[in-house]
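Observations on chain architecture
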Amino acid sequence: MVGFDAVVVGAGIIGSSIAWRLAQAGLRVALLDSGRMGAEASWAGAGMLAPGGEFEADSPWAAFALENLRSYPDFVEELTAETGETIDFQQLGAIEVAFSEDDWRLIEARASAQSMLGITIFRMSPQELHEEVPMAAGDAAGGWFYPEEGLVNPRDIMRALRTACIAWGVVIREGVPVRAIRPKPKEAEIITAEGAISARWGVLAAGAWSSLIPVAGCSLPRAFPVRGHLTGLHLEPGSIGPILRYEQTYIVQRADGFTIAGASSEQCGFNRALDPLILAGIRERAARLAPRLANCDFAESWLGFRPGIESDGPVIGPAGGTALWLAYGHYRNGILMAPVTASRVAQAITSSSEKDSSGPTGTR
Ligand code: GLY
């Protein structure tokens, strides 16, 4: 493969969104994945767009999460308009449910810290909670409503990104493991099982797998897998409404009624064996939130590997002064943080590309 301006390594939601944006900007782009496009964390994710469940303290990443949340309607609208694909995107809010006075105090303290970050939150009485979510546990002491939050079906996003990338001429190569990357100041060499590809830019966006690819001459923050189990069942569409959360457990419902309970968190490498005990625990905790779930048959269970990272937040930026850009380590928020990660990386690359082509009188 020759003649690319940019080669993106990793075709999950982050890498695919970057490839789409770069191609829209006129670059010739190749998108490589060792497996199938969007078949790992972007397939497994529940698709919660919910900074309130993830961030409490002020940090650049909390602000970034909110910026992404507020970019999502335009991101989905643009993808839908370009591709004609249907994307299940719902802005129904999220409710943090309290069962006891202790829960209430904890959530209240968190909500007050979060409102300082610009997160909108309203208190809900038990009556308001049950009016909004009739299926919520009768003994709940109320909840805190995060009206801006929502969810998206990441599988729909990935289908649309594939269509959009193809339409913009992105060369998608699946089943192509990358063995190493050799970044230089003005070029990135991507070594695959099929040979080397050189491009003006490289982008490493291989999620939990990013650190398995040696990058010559660079010491980069380590990415590692944080496994999460999920389980789902079919209910009547609209029977849940907002996302329900209690501690580490959440329930989300797709527009077609498929209802997902998650999630666990294990650091056990890339172990793909479903653990029945972990799944039973998720179902039990989900039934605490919505007791009707205790008597239901869960139709499907699956797991995915979140891209954990040894740094405060995702790694988004160039690898030293080289032509390799890094976009990995989004941990629990890869679906949420795709829109702005992609636009930031693509804008930085395209503005440098413009400087390249401005010749000796350019501003470089
Ligand atoms: N974003 C939710 C999770 O990772 O479980």
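Before any of the text, the structure's been laid out above.
Fair warning: this is a prediction, and the values are worked out from it, not measured in the lab.

1. Observations regarding the overall build of the chain
Assigned secondary structure in the chain consists of eight helices and 19 strands. Taken over the C-alpha trace, the chain has a radius of gyration of 21 Å; the compact-globule value for 364 residues is 21 Å, and the two agree within 12%. On the principal axes, the C-alpha backbone points of the chain span a range of 70 × 40 × 40 Å. Counting over 364 residues, the chain shows a buried share of 55%. Long-range pairs, those at least 24 residues apart, make up 73% of the contacts in the chain with a sequence separation of at least 6. Here the chain displays about 15200 Å² of accessible surface, and carbon together with sulfur accounts for 52% of that area. Separation between the mean location of the 30 positive side-chain charges and that of the 41 negative ones in the chain comes to 8 Å.

2. Things to note about the pairing of strand E12 (residues 195-204)
Where burial is concerned, most of E12 is hidden: seven out of the ten residues are buried. As paired elements, strand E1 (residues 4-9) and E12 share five bridges and run parallel to each other. If you follow Phe4 over to E12, its bridge partner there is Ala199. In this sheet, E12 lies alongside strand E11 (residues 187-192) in antiparallel orientation, the contact comprising five bridges. Bridged to Ile190 within E12 is Ile197.

3. What about the sheet that holds strand E8 (residues 150-152)?
Read from one edge of the open sheet, three strands run E3-E8-E4, paired in antiparallel fashion. The two strands at the open ends of the sheet, each matched to only one other strand, are strand E3 (48-49) and strand E4 (89-90). Relative to E8, E3 runs antiparallel, the two being bridged by two bridges. Within the sheet, the bridge partner assigned to Leu49 lies in E8 and is Gly150.

4. Some thoughts on the packing of helix H1 (residues 13-24) against helix H3 (residues 60-83)
Contact geometry for H1 and H3: axes closest at 14 Å, N-to-C directions at 65 degrees. Between H1 and H3, the interaxial angle falls into the category roughly perpendicular. By crossing handedness, the relation of H1 to H3 is classed as left-handed. Counting all contacts with H1, which are made through Ile13, Ser17, Trp20, Arg21 and Gln24, the residues of H3 involved are Tyr72, Phe75, Glu78, Leu79 and Glu82. In the contact of H1 with H3, the residues fall into five nonpolar, two polar and three charged.

5. Overview of empty space enclosed by the protein
It is a probe the size of a water molecule, rolled over the atoms, that shows where empty space is left. Inspection of the entire model under this criterion finds one cavity of 30 Å³ or more. In this structure, the largest cavity occupies an estimated 40 Å³ of space. Residues that form the lining of the largest cavity fall into these classes: five nonpolar, one polar and two charged.

6. Overview of the site of the ligand
Taken together, Met48, Tyr250, Ala263, Arg306 and Arg332 make up the full set of residues adjacent to the ligand. Note that an oxygen atom of the ligand is positioned 2.8 Å from one of the side-chain N or O atoms of Tyr250. At 2.6 Å, a side-chain N or O of Arg306 approaches an oxygen atom of the ligand. For the ligand, whose accessible area on its own is 200 Å², the fraction buried by protein is 86%. Of the residues contributing to the shell around the ligand, the split by class is three nonpolar, no polar and two charged.

7. Focus: helix H8 (residues 338-357)
Taking 1.5 Å of rise per residue, 20 residues should cover 28 Å, and H8 covers 28 Å from first to last C-alpha, within 8% of that figure. Within H8 the residues assigned to the buried category are Ala338, Pro339, Val340, Thr341, Ala342, Val345, Ala346, Ile349, Thr350 and Ser353. Those residues of H8 that are buried lie in contact with H1, H3, E12, strand E18 (315-318) and strand E19 (324-328).

8. Brief notes about the environment of Ser357
By the secondary structure assignment, Ser357 is in helix H8. Looking at Ser357, the relative accessible area reads 61%, which means it is exposed.

9. Points about the environment of Leu117
Mapped onto the elements, Leu117 comes out in the loop between helix H4 (101-116) and strand E6 (122-124). With 60 residues separating them along the chain, Leu117 and Ala57 place their C-alpha atoms 7.8 Å apart. Setting aside residues no more than four positions away along its own chain, Leu117 makes contact with Glu56, Ala57, Asp58, Ala62 and Leu66.

10. Things to note about helix H6 (residues 154-167)
In a regular helix each residue adds 1.5 Å, so 14 residues correspond to 20 Å; H6 covers 20 Å between its end C-alpha atoms and thus fits that length. Those residues of H6 that sit buried are Pro154, Asp156, Ile157, Met158, Ala160, Leu161, Ala164 and Cys165. On its buried face, H6 sits against H1, strand E2 (29-33), helix H2 (41-44), H3, E8 and strand E9 (171-174). Just downstream of H6 lies Gly169, where phi reads positive at about 85 degrees.

11. A short note on the pattern of salt bridges
Any two side chains of opposite charge can pair if their charged atoms end up close together. In this structure the tally under the stated criterion is 22 salt bridges. Members of the salt-bridge network, linked through shared partners, are Glu96, Arg110, Glu149 and Arg245.

12. Points about unusual backbone geometry
Put simply, Gly262 and Ala263 share a cis peptide bond, and its omega is -15 degrees. Relative to the helices and strands, Ala263 resides in the loop between strand E16 (258-262) and helix H7 (276-289). Positive phi values are uncommon outside glycine, yet Glu247 reaches one of about 50 degrees. Residue Glu247 is classed as exposed on the basis of its relative accessible area of 56%.

Quick notes on the rules
Residues numbered from 1 in each chain as written. Predicted model: local features only at pLDDT ≥ 70, side-chain atom pairs only at ≥ 80, totals over all residues. Heavy atoms only, no water. Helix = DSSP H or I, 4+ residues; strand = E, 2+ residues; numbered from the N terminus. Rg over C-alpha atoms; globule rule 2.2 N^0.38 Å. Buried < 20%, exposed > 50% of the residue type's maximum accessible area, 1.4 Å probe, protein only. Contact = heavy atoms within 4.5 Å. Areas by Shrake-Rupley, 256 points an atom, 1.4 Å probe, with all protein chains shown as cover. Lys, Arg positive; Asp, Glu negative; His and termini not counted. Charge placed at Lys NZ, Arg CZ, Asp CG, Glu CD. Pairing = 2+ DSSP bridges. Axes fitted to C-alpha atoms, helices over the stretch in contact; angles between N-to-C directions. Parallel < 35°, antiparallel > 145°, perpendicular 65-115°, else oblique. Left-handed = near helix turned anticlockwise from the far one by under 90°. Nonpolar A, V, L, I, M, F, W, Y, C, P; charged D, E, K, R; others polar. 1 Å grid on protein atoms, 1.4 Å probe; cavity = no way out; pocket = protein on both sides within 12 Å on 5 of 7 lines; lining within 4 Å. Points joined across faces, edges and corners; volume = space filled by probe spheres on them. Near = heavy atom within 4 Å. Polar contact = N/O pair within 3.5 Å; in protein donor to acceptor, adjacent residues only side chain to side chain. Expected span 1.5 Å × (residues − 1). Salt bridge = Lys/Arg side-chain N within 4 Å of Asp/Glu carboxyl O.

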